[in-house]
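Geometric and topological summary
As a plain string of letters, each chain reads:
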Amino acid sequence: MGTHGGGLYVGRRAAAAGAALLLALLVALLALAALYGRCRQEEAPPPPSSRAPGPAAPPAPAPAARSGRRLPRHLLPLHYDLELWPRVRPGQAGPFAFTGQVNITVRCLQDTDTAVLHSAGLRSSGAVAVRGPLSEPGAAVEVAGLRQEEAAEVAVLELRGRLRAGRRYVLQLGFQGRLEEDLDGLFLTRYTDRGRSSMLIASQMEPTYARRVYPCFDEPAMKATFNIRIVHDPSYVSLSNMPAIDVSEVKDENGSLWTVTTFNTSLKMSTYLTAFVICDFDYVTRTERGNEIRIWARKEAIKNGYVDYALNITGPIFSFLEDVLNVSYPLPKTDLVALPDFGAGGMENWGLMIFQEASLMNLPSGEFTSRKAMIALVVSHELGHQWFGNLVTMNWWNDLWLNEGLASYFEYLGATFVEPKLSLDKIFYVHVVQPVLREDSEIVRSLSQSEDKIKGSFSLMSLFDNITYSKGASITWMLSGFLTEKLFTRALTSYLKEFSFSNANQDDLWTHIQMVIDGQDEVQLPASVKQIMDSWTCQNGFPVLTLNLTTGTIRQEQFFNKKNRKNTDSYNNTWIIPVSWMRNGSSQPLTWLDKSSKMFPEMQVSESEYDWILLNVNLSGYYRVNYDQLNLKRLAHLLETDPKAIPAVSRFQLIDDVFALTDFGYVPIETALELTKYLAKEDELFIWNVVLLNLIPDNLESTLKNYEVYPLLKKYLLKRMLPIYHYYAGFIHQNVDALEDDYFAQVYLEKLFATACWLGLQDCLDLSSELYAKWMDNPEHKIPFLIRKTVCCYGVAVGSDKEWNFAWKMYNHTDSVEEDEDILLYAMSCANEPWLLYRYLQYGLSDTLFSSNCTSAIISHVMTKDIGHRIAWEFVTENWPLLNQGCRFFIMLLWKRMRERLLLCYWNPQNLKILKGENY
């Protein structure tokens, strides 16, 4: 399944030697930044248009997605003959059901008088039979009874005879189940197309929902081939993993006519990859190297060209992956289906990938947009799974990272191949490495775990998280880096060919990498591949390296929050760490830290302030770096005099590391400020974004002014922001189209402008008023999308009820698109007149004006504003009975956040006293 996230960070340096007073002020300032880091976690989700592209986040855990009971190894499935018959007609009212028949050919591995397979939420329909052994024509084994064990999600066939080892049998079971609208298993979903209400049926089997659709051996290592037949209404088309080979008709018990679509025999695959779609969609198609690629979507979307971009990139990414991996895609066709409602960003079903509409659709244009980047990433992720997950599948869910981590790694390679405007190293660190480093320091679980831990009531959905996806991709990136890409891909090719149509664990991957290493002499490792990589996959967390320039000693320890450490906590993990490094701008040979502490004489520096060391160059390793004060001063000086001497990704890393080290109690806050003083010379938006994320969490705007630190932060930041602000403001004024190829401008310019306006930069406020006024004068005049949210917000904020009423009018405009509606929903909460905010909240109570989701969003938006928090609090308390009845779940969450904000966003009186006593 697809997933993702994004973020950024960068660094700056110290002040002049005599500025002790200024430094003391700045120390206090960032101490406060550490305090409001707690508030940052309470941020309301941004509208879709403001999020950085990336694989969509993993779906929320579902109670039913549990591993349940591991099946006994008495029987091995070889082949399924499966018929599914959803009893659904267009326009029909529910409830809905489906029936089916499955005949499973198995090989008996051990004598047994029971046949145990997975089944959940299904009822038996018709006779249950066991034919065989197949070597004896007409033979059968009598079934004494069928027992359903719902808690274990298994069906047990009690037999009067015994199945004999080495013989083949066929288990025959009829079944029926309910067709729900829950987006799991086989489900029904409703949508509107060309103004008409319609229904479709689709499936989502991963991780353990196949057993809710048909009785099966629902474990990833129990692969088999499938013959699938789907009975459906004649007005629908039916899709599955393989091409359709026959379409016929059948009558039901009432004499009504149904269509039967029969599909070709599948390749050997796991049950969680079986897929079905029954719909009234259109498609567009192209062929790539004999692979027929079709993208299916609502007829209106196809007609308008919304999936053309996805179609244009799918074939080239397929070819890229085939060439890199030197393993051909084995299927004759690939269908990609865009569902209006789907629980994951995408699902890699072999031959029938399923996506959310947003993951495949884009307004047709020749321009590069952040939306296109997101589509390229999601599509590339699911295509990567065709090799990592489908062709070779992990033995058990404990090694899920072999699927998701490797697919996430190739996701970025494939996306940057079809969109060269994307900088591979920058977006990989921004969207993958940096966010998971933040998360991994708080999560107590390793990337790979023993099979024994993943059993019983363990929720498998909890494994579909950023540790599996992004940490898996990050250590893969590190592995490719120290092996070299050539040796790494050679090992992957060997691994894929050895385990095609089969299963593997991470030791199998290490073995094939070791084979490649042993066959050459260019790359020398300090230990076996297994020893090195197990230190990263089998231990939780990651290391922080501390460098002492005087002695040339590097020490490693597990990165943890020293502020929250308990006396009973144990942090004794050590890693075998590849250390890339640079001295005075020159790259040095890779070295290794294979113990807790080690001296590197070549890293001892002279007394010259121009002699400096940089570790983990371009964030090539999965760890943080803590420098001694000597090196930090030299790096800070270098940043002020020649920031480009340090690569952009390494500047980003310096800032991200130092703020994380500050948050976790490794270094004082003034150290972080030292590395931000150069920012007037920083022209990389992705670096500025990480600074702003640390200094100004998105939801801080309703707390800073109230705690008197706002003017100090304004003075400190604005003078450093002015150069980059004016640079991009020039494009907004004169030629905004020139930014269409600038990915980071599309993703992060909004944050820069929003901060400038929030800090009161008059040019930003004037620009917002000017662009908003032009829009009011001529609604056909489009505000540049890069800063539309900021312009709308501050256009309303500095205006009157006239500006607010225009936003309300445009929100209710019949032609407004969803992204514009989200922006306007937010913008109307920016009003500075309390009566406008209260009226807006009152509007939110109307069922005819808003859904319950919008009501909660309105309250959430108002709550984050300077004058809005108290108004929102009073509004919720006054209208609690009505809100609690109409949208209980969302309002309970908001109520919790309001209370926590009052308790958590509390400024330390001592820090405020220090600030008041200083004259900046």
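Residues numbered from 1 in each chain as written. Predicted model: local features only at pLDDT ≥ 70, side-chain atom pairs only at ≥ 80, totals over all residues. Heavy atoms only, no water.

Below, the discussion takes up the environment of tyrosine 191. As for its position among the elements, tyrosine 191 is in strand S11 (residues 185–193). A residue is classified by how much of its surface remains accessible, and tyrosine 191, at 6% relative accessible area, is buried. Sequence-distant contacts of tyrosine 191, defined by excluding residues within four places in its chain, comprise Arg196, Ser197, Ser198, Met199, Leu200, Asp280, Phe281, Arg298 and Pro340. (Helix = DSSP H or I, 4+ residues; strand = E, 2+ residues; numbered from the N terminus. Buried < 20%, exposed > 50% of the residue type's maximum accessible area, 1.4 Å probe, protein only. Contact = heavy atoms within 4.5 Å.)

Taken together, the four strands give an open sheet; going across it, the order is S11-S12-S17-S14, and neighbouring strands pair in antiparallel fashion. Each end of this open sheet is capped by a strand with a single partner; those strands are S11 and strand S14 (237–240). Across this sheet, the average inter-strand angle for adjacent strands is 15°, counted without regard to direction. Looking at chain direction, S11 and strand S12 (residues 196–204) are connected through nine bridges and run antiparallel. Paired with aspartate 193 across the strands is arginine 196, a residue of S12. (Pairing = 2+ DSSP bridges. Axes fitted to C-alpha atoms, helices over the stretch in contact; angles between N-to-C directions.)

The three strands lie next to each other as S4-S9-S8, forming an open sheet whose pairing is antiparallel. Single-partner strands in this sheet number two, and they are strand S4 (112–118) and strand S8 (143–149). Between one strand axis and the next, the sheet turns by 20° as a mean value, whatever way the strands run. Bridge count for S4 against strand S9 (residues 154–163) is six bridges, and the pairing is antiparallel. In the sheet register, valine 116 faces S9, and the bridge partner there is valine 156.

Enumeration according to the criterion identifies two disulfides in this entry. Linked covalently through their sulfurs, cysteine 757 and cysteine 764 form a disulfide whose S-S length is 2.0 Å. Here the S-S torsion is close to -90°, and the disulfide linking cysteine 757 with cysteine 764 is therefore left-handed. Its relative accessible area of 3% is what places cysteine 757 among the buried residues. Shown here is the disulfide that connects cysteine 793 with cysteine 830, its sulfur atoms set 2.0 Å apart. Torsion about the S-S bond of the cysteine 793 and cysteine 830 cystine: about -105°, corresponding to left-handed handedness. With a gap of 37 residues between them, cysteine 793 in helix H19 (residues 788–797) and cysteine 830 in the loop between helix H21 (818–827) and helix H22 (834–843) connect regions that are remote in the sequence. Overall, the relative accessible area of 6% leaves cysteine 830 in the buried class. (Disulfide = S-S within 2.5 Å.)

The next thing to look at is helix H4 (residues 308–325). Spanning 18 residues, H4 covers 27 Å between terminal C-alpha atoms, matching the ideal 26 Å at 1.5 Å per step. Counting buried residues along H4, 13 of its 18 residues qualify, which places the element largely inside the surrounding structure. The positive-phi residue at the C-terminal boundary of H4 is asparagine 326, with phi of around 60°. (Expected span 1.5 Å × (residues − 1).)

Of all the six residues making up strand S27 (residues 553–558), five are buried; the element is thus mostly covered by neighbouring parts of the structure. Bridge count between strand S26 (residues 543–548) and S27: six bridges; the pairing is antiparallel. For leucine 545, the partnering residue across the bridge sits in S27 and is glutamine 556. Where S26 folds back on S27, the antiparallel hairpin that results is connected by four residues, among which glycine 552 adopts a positive phi of roughly 70°.

Glancing now at the nonpolar core. Within the largest apolar cluster, 300 residues are counted, with the highest numbers of intra-cluster contacts made by Tyr214 and Phe753. Among all residues touching phenylalanine 753, those that are not within four sequence positions of it are Tyr725, Tyr728, Ala729, Ile732, Cys764, Leu767, Ile787 and Thr790. (Core = buried A, V, L, I, M, F, W, Y, C linked by side-chain atoms within 4.5 Å.)

The end-to-end C-alpha distance of helix H7 (residues 424–440), which contains 17 residues, comes to 22 Å, matching closely the 24 Å that a straight helix rising 1.5 Å per residue would cover. Largest kink in H7: about 35°, centred on valine 430. With 13 of 17 residues buried, H7 lies mostly within the body of the structure. (Bend = angle between axes of the 7 residues up to and from the residue.)

Let us look at the packing of aromatic side chains. In total, this model carries 48 aromatic pairs according to the counting rule given. Considering the side-chain rings of tryptophan 536 and tryptophan 575, the 6.2 Å spacing of their centres and the 45° angle between planes classify their relative orientation as tilted. Placement of the pair is tryptophan 536 in helix H11 (residues 529–537) and tryptophan 575 in the loop between S27 and strand S28 (577–583), with a sequence separation of 39 residues. Of the two residues examined, tryptophan 536 and tryptophan 575, each falls in the buried class. Site record: aromatic cluster; members linked through ring pairs are Phe388, Tyr409, Phe410, Tyr412, Phe428, Tyr429, Trp477 and Phe488. Its guanidinium or amino end placed over the ring of tryptophan 396, arginine 70 lies 3.6 Å from that ring's centre, counting from NZ or CZ. (Phe/Tyr/Trp six-rings, centres within 6.5 Å; stacked < 30°, edge-to-face > 60°. Lys NZ or Arg CZ within 6 Å of the ring centre and 35° of its normal.)

Turning to the environment of arginine 89, a few remarks are in order. Position of arginine 89 among the secondary structure elements: in the loop between strand S2 (75–86) and strand S3 (96–108). Arginine 89 sits in the partly exposed class, given a relative accessible area of 21%. Excluding residues within four positions of it along the chain, arginine 89 makes contact with Met199, Asp233, Pro234, Tyr236, Asp252, Ser256, Leu257 and Trp258. At a separation of 3.1 Å, a polar atom in the side chain of arginine 89 contacts the main-chain carbonyl oxygen of leucine 257. (Polar contact = N/O pair within 3.5 Å; in protein donor to acceptor, adjacent residues only side chain to side chain.)

A side chain with one charge can pair with a side chain of the opposite charge if their charged atoms come near. Scanning all chains against the criterion turns up 44 salt bridges. Taking the shortest distance from any N to any O, the salt bridge between aspartate 233 and arginine 89 comes out at 2.7 Å. One end of the pair, aspartate 233, is in the loop between strand S13 (225–232) and S14; the other, arginine 89, is in the loop between S2 and S3, and 144 residues separate them in sequence. Aspartate 233 sits in the buried class, given a relative accessible area of 8%. (Salt bridge = Lys/Arg side-chain N within 4 Å of Asp/Glu carboxyl O.)

Attention shifts here to the confidence of the model for the chain. Residue-level pLDDT values for the chain average 86, and 85% of them are 70 or greater. Contacts for the low-pLDDT stretch residues 4–64, under 50 throughout, to residues beyond four places or in other chains number 209 contacts. Within the model, the stretch residues 900–920 combines pLDDT values under 50 with 48 contacts to residues more than four positions away or in other chains. (pLDDT = per-residue confidence, 0-100.)

Here the bond from glycine 94 into proline 95 is cis, since omega is 0°, no more than 30 degrees from zero. With respect to the helices, strands and loops of the structure, proline 95 is situated in the loop between S2 and S3. Following glycine 132, the chain continues to proline 133 via a peptide bond in cis, the omega torsion being 5°. Among the structural elements, proline 133 can be located in the loop between strand S6 (129–131) and strand S7 (140–141). Within the chain, asparagine 326 stands out as a residue other than glycine whose phi angle is a positive 60°. Inspection of the secondary structure assignment puts asparagine 326 in the loop between H4 and strand S20 (333–339). Unusually for a residue other than glycine, leucine 619 sits at a positive phi of about 55°.

As a further point, take the environment of tyrosine 214. Looking at the element boundaries, tyrosine 214 is found in the loop between S12 and S13. When the C-alpha atoms of tyrosine 214 and arginine 123 are compared, they prove to be 10.0 Å apart, with 91 residues separating the residues in sequence. In contact with tyrosine 214, other than residues within four places in its own chain, are Tyr80, Leu82, His118, Leu122, Phe175, Met205, Phe226, Thr271, Thr274 and Phe276. Polar side-chain contacts of tyrosine 214 include one of 3.1 Å to the side chain of threonine 274.

Burial along strand S17 (residues 276–279) is two-sided: Phe276 and Ile278 facing one way and Val277 and Cys279 facing the other are all buried. Across two bridges, the pairing between S12 and S17 is antiparallel. In the strand pairing of S17, isoleucine 201 is matched with isoleucine 278. Sheet topology note: the S14/S17 ladder contains four bridges and is antiparallel.

Attention now moves to the packing of H19 against H21. Where H19 meets H21, the axes come as close as 8 Å, and the angle between the chain directions of the two elements is 35°. Crossing geometry of H19 relative to H21 is assigned as right-handed. Contacts between H19 and H21 involve Arg788, Lys789, Cys792, Cys793 and Val796 from the former and Asp820, Ile823, Leu824, Tyr826 and Ala827 from the latter. By residue class, the composition of the contact of H19 with H21 is seven nonpolar, no polar and three charged. (Left-handed = near helix turned anticlockwise from the far one by under 90°. Nonpolar A, V, L, I, M, F, W, Y, C, P; charged D, E, K, R; others polar.)

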